[in-house]
Amino acid sequence: MAQEKKYNAIITAVGMYFPDKVFDNKYFESIIDTNEEWILTRTGIRERRILENGGTSVLATNAALDLMQKHNIKAEEIDCIIVATVTPDMFFPPTACLVQKRIGAVNAWGFDLEAACSGFLFAFQTGSGLIESGQYKKVMIIGADKMSSITDYTDRNNCILFGDGGAAVLLEPIEDKNFGLQDSILHVDGSGEVALHMKGGGSLNPPSHETVDKKMHYIYQDGKAVFKVAVKGMADVSVELMQKNNLKSEDIAYLVPHQANMRIIDATAERMGLSRDKVMINIDRYGNTTAATIPSCLVEYYRAGKIKKGDKLILSAFGAGYTWGATYIVWAID
Ligand code: UT7
């Protein structure tokens, strides 16, 4: 039998960072054979932000600093930093270490976690475990990706989808089990490698002239194949989590979906019986920022006063791997 947890993990602070430079749909008309209407109707994306200088650590560090400033959190209070990303500044050191140094979190340990578009959910689960055990009091979870660094801007099927951004949440313990992380269902299925991968640069295909010539350092995605499994995977796991926790549509304040394609989001919401006003959306302004999509939605809706203490949220994602899952949380702060 599972042991009774001492604490639940709750989100007590949030922060985000998106760079200023914008690639709107009109811009893509000037570099590839596409049109604004196609992009908007097929994806729901109007524009994305692009980081011109620096790596993902810039996005992650600025998101962390925004969290700390807005919520008056001192760097030395932070026990652990987990950065979910597929675009680390370097293979090593971990991006979490670069963030630790830049924000001055002198008492923290930390690491990177790679689970593509499900990265935030997987990191949230991992960080929550550290809190629930009672061993750590302040764990920062950051989802950040500079997708422009691995995007082929001559591939019209994919380049219109992605953007750069970072967002962070702080996890802390609470004894009241009515708040914070309640339940989750997480999955991986390695057969997804075929349809969505970046084959170059790793130990399988170390960088060489050949890997560069063959464009192996860019995202490869069979969009149609991924779309089919993503729609089913995200909807199935979200509905399963609702049923497992006896949640009806009217109990849920918001679905917080990974922002890959508006049509995937709509299909998931429909299966859950939720209207559009109960779905967090920012894909129109940022595109797919991989690990940053879910936390940035939380930041924006919280700051707009749209999430209230006690609200039941279902976070849901699907991405490369395949990795996917859904997480049920009860919002704990005003
Ligand atoms: O976050 C990780 C998980 N990733 C996802 O969830 C993404 C999943 N996939 C998707 O979001 C969609 O499949 C896409 C947005 C990538 C594509 O949408 P689609 O409705 O599946 O389009 P399609 O691939 O079936 O393409 C339809 C047509 C094709 O032309 P033909 O072959 O029918 O003549 C494409 O060549 O649209 C064409 N097309 C474009 N046309 C204008 C593809 N890209 C573009 C473009 N502009 N940028």
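About the thresholds
Every residue gets a number counted from 1 within its own chain, in the order that chain's sequence is written. Totals for whole chains, interfaces and linings use all residues, but because this is a predicted model, local features are given only for residues with pLDDT of at least 70 and pairs of side-chain atoms are given and counted only at 80 or more. Side-chain numbers here rest on the full set of heavy atoms in the structure, without hydrogens or water. Patch building starts from residues that exceed 30% relative accessible area and form no salt bridge, then joins like charges within 9 Å and nonpolar side chains (Val, Leu, Ile, Met, Phe, Trp, Tyr) within 5 Å. Accessible areas in this description were obtained via Shrake-Rupley with a 1.4 Å probe; residue shielding takes into account the shown protein chains only. Throughout this description, the term salt bridge denotes a Lys or Arg side-chain nitrogen within 4 Å of a carboxyl oxygen of Asp or Glu. The charge count includes Lys and Arg as positive and Asp and Glu as negative, but it does not include His or the ends of the chains. A charged residue contributes its charge at one atom only: NZ of Lys, CZ of Arg, CG of Asp or CD of Glu. Here a strand is any run of E in DSSP of at least two residues, a helix any run of H or I of at least four, and the numbering for each starts at the N terminus. The criterion used for residue contact is that any of the two residues' heavy atoms lie within 4.5 Å. Contacts described as polar in this section are N or O atom pairs within 3.5 Å, which, within protein, must combine one atom able to donate a hydrogen with one able to accept it, while residues neighboring in sequence count only if both atoms come from side chains. Relative accessibility under 20% of the residue-type maximum defines a buried residue, over 50% an exposed one, and the middle range a partly exposed one, all with a 1.4 Å probe and only protein chains included. Pairing between strands is defined by DSSP: at least two bridges between the two strands are required. Between N-to-C directions, angles cover 0 to 180 degrees, with each direction set by a line fitted to C-alpha atoms, over the stretch in contact for helices. For Phe, Tyr and Trp, rings pair up if their centres lie within 6.5 Å, where Trp contributes its six-membered ring, and each pair is then called stacked (planes under 30 degrees apart), edge-to-face (over 60) or tilted (otherwise). Only lysine NZ and arginine CZ atoms are considered, and such an atom sits over a ring when it is within 6 Å of the ring centre and within 35 degrees of the ring normal. Relative orientations are named as follows: roughly parallel for angles under 35 degrees, roughly antiparallel for angles over 145 degrees, roughly perpendicular for angles from 65 to 115 degrees, and oblique for any other angle. Definitions for this section: a left-handed crossing has its near helix turned counterclockwise from the far helix by less than a right angle. A right-handed crossing has that turn clockwise.

**Structural notes on a positive patch on the surface**
Taken together, the side chains of Arg42, Lys224, Lys228 and Arg263 make up a positively charged region of the molecular surface. Examined against the element boundaries, Lys228 turns out to sit in helix 7 (residues 223-244).

**Side note on the environment of Arg276**
Note that Arg276 resides in the loop between helix 8 (262-272) and helix 9 (283-286). On a C-alpha basis, the gap between Arg276 and Glu76 in space is 41 Å, while along the polypeptide they are 200 residues apart. In contact with Arg276, other than residues within four places in its own chain, are Met262, Asp266 and Ile281. A polar contact of 2.8 Å, which involves the side chain of Arg276, links it to the side chain of Asp266.

**So, the pairing of strand 1 (residues 8-17)**
With 9 of 10 residues buried, strand 1 is to be regarded as a mostly interior element. Note: strand 1 against strand 7 (residues 164-174), 9 bridges, orientation antiparallel. Across the sheet, residue Gly15 finds its bridge partner in strand 7, namely Ala168.

**Structural notes on the sheet that holds strand 12 (residues 312-319)**
The strands that make up a sheet pair up through hydrogen bonds in the backbone, lying either parallel or antiparallel. Taken in spatial order, the 4 strands of this open sheet run 8-13-12-11, and their pairing is mixed. Single-partner strands in this sheet number two, and they are strand 8 (180-188) and strand 11 (254-257). Put simply, the sheet's adjacent strands are angled 15° from each other on average, direction ignored. Contacts between helix 5 (residues 119-132) and the sheet are confined to strand 8, strand 12 and strand 13 (323-330), with strand 8 contributing the most and set at about 130° to the helix.

**Quick word on the packing of aromatic side chains**
Here the structure, examined in full by the defined rule, presents 13 aromatic pairs. A ring pair is formed by Phe18 and Tyr286, whose centres lie 3.6 Å apart and whose planes are at 10°; its orientation type is stacked. Placement of Phe18 in the loop between strand 1 and strand 2 (21-24) and of Tyr286 in helix 9 is noted, with a sequence separation of 268 residues between them. When the ring of Phe120 is compared with that of Phe124, the centres are 5.8 Å apart and the planes differ by 45°; the resulting orientation is tilted. Of this pair, Phe120 and Phe124 both sit in helix 5, 4 residues apart, which is roughly one turn of that helix. Of the two residues, Phe120 and Phe124, neither departs from the other in class, the shared state being buried. Note that Lys306 overlies the ring of Tyr301, its terminal NZ or CZ placed 4.9 Å from the centroid.

**Details of the packing of helix 7 against helix 8**
At a closest axis distance of 9 Å, the pairing of helix 7 and helix 8 adopts a crossing angle of 30°. One way to sum up the angle between helix 7 and helix 8 is to call them roughly parallel. Crossing handedness for the pair helix 7 and helix 8: right-handed. Along its contact with helix 7, which presents Phe227, Ala230, Val231, Met234, Ala235, Asp236, Ser238, Val239 and Met242, the element helix 8 presents Arg263, Ile264, Ala267, Thr268, Arg271 and Met272.

**A look at the pairing of strand 6 (residues 139-146)**
The buried fraction of strand 6 is high, at 8 of 8 residues. Both faces of strand 6 are covered, namely the face carrying Val139, Ile141, Gly143 and Asp145 and the face carrying Met140, Ile142, Ala144 and Lys146. Two strands pair when backbone bridges link them, and strand 4 (residues 80-84) and strand 6 are joined in this way by 5 bridges, in the parallel orientation. Within strand 6, the position partnered with Val83 by the bridge is Ile142. Bridge analysis of strand 6 against strand 7 gives 8 bridges, and the strand direction is antiparallel. Looking at strand 7, one finds that Asp145 is bridged to Gly165.

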